[in-house]
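Summary of structural features
What follows is the residue order along each chain.
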Amino acid sequence: MKRCFDIVLSAIGLVLLSPLFLVLAICIIADSEGGVFYRQTRVGKGNKDFRLYKFRSMYTASDKKGLLTVSNHDSRITRVGYFIRKYKLDELPQLINVLTGDMSFVGPRPEVRKYVDLYTEEQMHVLDIRPGITDAASIKYRNENEILATQENPEQYYIEHIMPDKLAINLEYVRHHSVGKDIRLIWETFVAVAGKAA
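Notes on the structure follow. (Residues numbered from 1 in each chain as written. Predicted model: local features only at pLDDT ≥ 70, side-chain atom pairs only at ≥ 80, totals over all residues. Heavy atoms only, no water.)

Points about the overall build of the protein
Filter applied, for reference: A run of H or I in DSSP counts as a helix once it spans at least four residues, and a run of E counts as a strand once it spans at least two, with each numbered from the N terminus. Only the C-alpha atoms count toward the radius of gyration. The rule for a globule is 2.2 Å times the residue count to the power 0.38. Contact definition: two residues touch when any of their heavy atoms are within 4.5 Å. All accessible-area figures derive from a Shrake-Rupley calculation using a 1.4 Å probe, and residue coverage is judged against the displayed protein chains alone. We score Asp and Glu as negative and Lys and Arg as positive, and we do not count His or the chain ends. Charged side chains are reduced to one point each, which is NZ for Lys, CZ for Arg, CG for Asp and CD for Glu.
A tally of regular secondary structure across the protein gives 9 helices and 4 strands. Reading the secondary structure of the protein in the N-to-C direction produces α-α-β-β-α-α-β-α-β-α-α-α-α. Taking 2.2 N^0.38 as the reference for a compact globule, 198 residues should give roughly 16 Å; the C-alpha atoms of the protein span a radius of gyration of 16 Å, in line with that estimate. For the protein, the spread of C-alpha atoms along the principal axes amounts to about 45 × 45 × 35 Å. Sequence separation of 24 or more characterises 69% of the internal contacts of the protein that already satisfy a separation of 6 or more. Accessible area of the protein: about 10700 Å², with a carbon and sulfur share of 60%. Computing the positive centroid from 27 side-chain charges and the negative centroid from 24, the protein places the two 5 Å apart.

In structure tokens:
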């Protein structure tokens, strides 16, 4: 039932949002050099790698300067990138990942292999289900960039404090997920994004 929910909604979303995709693509290309999409290898269900799609919000090759984004005023973020990040529009291409089965609308946010390699045996169970576009941990840490910006060593703080808490939240979801809970989390995500953008 969850997979049917994902297929139907992602297909409808891609069709309805195609005009917005076109506008954003033009803005991204006009604003800075590089492609429209940013593709990054993440770890999905069954501990298997997949390519995650986003609208490019940073200058080309910015990920070589670090995987974490600290503050919304990170110098690697383009002018258009700041706008699409603020409203989470950069995440919309992940509807493609949902349609192809690499992701779900709701599920633990997928990490890069570098951080997954640090998981304990228990934490690895977040990979028992498909990763998602949103989850309860993402809602709780919607201001994660600002939190990291206040730390002397952002990556160490992420690994030692934020990541374990996110994993604990997501393990609880893995044990008790349902379509009803997914709908509630999608609604809470909209509310959180609207509140942050206001």
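What about the side chain of Glu-144?
The line we're drawing: For every residue, the accessible area obtained with a 1.4 Å probe (protein chains only) is divided by the maximum for its type, and the residue is called buried under 20%, exposed over 50%, and partly exposed between those limits.
Examined against the element boundaries, Glu-144 turns out to sit in helix α7 (residues 144–149). Looking at Glu-144, the relative accessible area reads 13%, which means it is buried.

Looking at the nonpolar core
As a reminder, the rule being used: Here, the term nonpolar core denotes a set of buried Ala, Val, Leu, Ile, Met, Phe, Trp, Tyr and Cys residues that are joined through side-chain atoms within 4.5 Å.
In terms of nonpolar packing, the biggest core is built from 16 residues, with Met-103, Phe-105, Val-106 and Ile-133 touching the most fellow members. Breaking this core down by element, the ones donating at least two residues are β2 (49–55), α4 (94–100), β3 (104–106), α8 (154–176) and α9 (179–197). Per-element accounting of this core gives the leading share, 3 residues, to α9. Those residues in contact with Val-106 that sit more than four places away from it in its chain are Lys-2, Gly-132, Thr-134, Tyr-173, Asp-182, Leu-185 and Ile-186. Among the nonpolar cores identified, the runner-up in size contains 15 residues, and Tyr-115, Leu-127, Met-163 and Leu-171 belong to it.

As for empty space enclosed by the protein
Put simply, the rule reads: Think of a 1 Å grid over just the protein atoms. A cavity is a set of points where a 1.4 Å probe fits yet cannot get out, a pocket is an open set with protein on both sides within 12 Å along at least five of seven lines, and lining residues have an atom within 4 Å of a point. Grid points are joined across faces, edges and corners, and a volume is the space filled by probe spheres set on the points. Think of it as three bins: nonpolar holds Ala, Val, Leu, Ile, Met, Phe, Trp, Tyr, Cys and Pro, charged holds Asp, Glu, Lys and Arg, and polar takes everything else, Gly as well.
If you walk through the whole model with that rule in mind, you get 1 cavity of 30 Å³ or more. Volume-wise, the largest cavity comes out at about 60 Å³. Each residue belonging to the lining of the largest cavity can be placed in one class, and the counts come to 9 nonpolar, no polar and 3 charged.

A few points about the pairing of β2
Selection rule: Pairing between strands is defined by DSSP: at least two bridges between them are needed.
Across 7 bridges, the pairing between strand β1 (residues 37–43) and β2 is antiparallel. Among the inter-strand pairings, Thr-41 is bridged to a residue of β2, identified as Arg-51. Hairpin connection between β1 and β2: a loop of 5 residues separates the two successive antiparallel strands, and Gly-46 in this loop has a positive phi of roughly 75°.

Quick word on the pattern of salt bridges
The test is simple: The working definition used for a salt bridge is a side-chain nitrogen of Lys or Arg within 4 Å of a carboxyl oxygen of Asp or Glu.
Taken as a whole and judged by the stated rule, the model has 11 salt bridges. Residue Arg-109 is joined to Glu-91 by a salt bridge in which the shortest nitrogen-to-oxygen separation is 3.4 Å. Placement of Arg-109 in the loop between β3 and α5 (113–116) and of Glu-91 in the loop between α3 (79–86) and α4 is noted, with a sequence separation of 18 residues between them. The burial state of Arg-109 is the same as that of Glu-91; both residues are buried. The residue Arg-184 makes a salt bridge to Glu-188 at a minimum N-O spacing of 3.0 Å. Of the two residues, Arg-184 and Glu-188 both sit in helix α9, 4 residues apart, roughly one turn of that helix. You can call Glu-188 partly exposed: its relative accessible area is 30%.

Some remarks on the packing of aromatic side chains
Applicable threshold: Stacked, tilted and edge-to-face are the three classes applied to pairs of Phe, Tyr and Trp rings, where Trp contributes its six-membered ring and a pair requires centres within 6.5 Å; stacked means planes under 30 degrees apart, edge-to-face means over 60, and tilted covers the rest.
A complete count under the given rule lists 6 aromatic pairs for this structure. Taken together through their ring pairs, the aromatic side chains of Phe-21, Phe-37, Tyr-53 and Phe-55 make up a single cluster.

Side note on the environment of Glu-144
Spatially, the C-alpha atom of Glu-144 lies 18 Å from that of Leu-185, the residues being 41 residues apart in sequence. With sequence-adjacent residues up to four places away left out, Glu-144 is seen in contact with Tyr-158, Ile-162 and Lys-166.

Remarks on a nonpolar patch on the surface
The condition that has to hold: Note that patches include only residues with greater than 30% relative accessible area and no salt bridge, and the join distances are 9 Å for like charges and 5 Å for nonpolar side chains (Val, Leu, Ile, Met, Phe, Trp, Tyr).
A grouping of Val-8, Leu-9, Ile-12, Val-15 and Leu-16 is seen on the molecular surface, where their side chains present a nonpolar patch of about 460 Å² in accessible area. Within the secondary structure, Val-8 is located in helix α1 (residues 2–16).

Observations regarding helix α2 (residues 18–31)
An α-helix turns once per 3.6 residues; consequently, residues spaced three or four apart project the same way. Let me state the cut-off plainly: The span expected for a helix works out to 1.5 Å for each residue beyond the first. Arc, as used here, means the arc of the directions from the helix axis to the C-beta atoms.
For α2, spanning 14 residues, the distance from its first C-alpha to its last is 20 Å, which sits close to the expected 20 Å at 1.5 Å a residue. Of all the positions in α2, only Phe-21, Leu-24, Ala-25, Ile-28 and Asp-31 are classed as buried. All buried residues of α2 lie within an arc of 140° about the axis, which places them on one face of the element. Residues of α2 that are exposed and point over 90 degrees away from its buried face: Leu-22, Ile-26, Ile-29 and Ala-30. Tucked inside the fold, the buried residues of α2 contact α1, β2 and α3.

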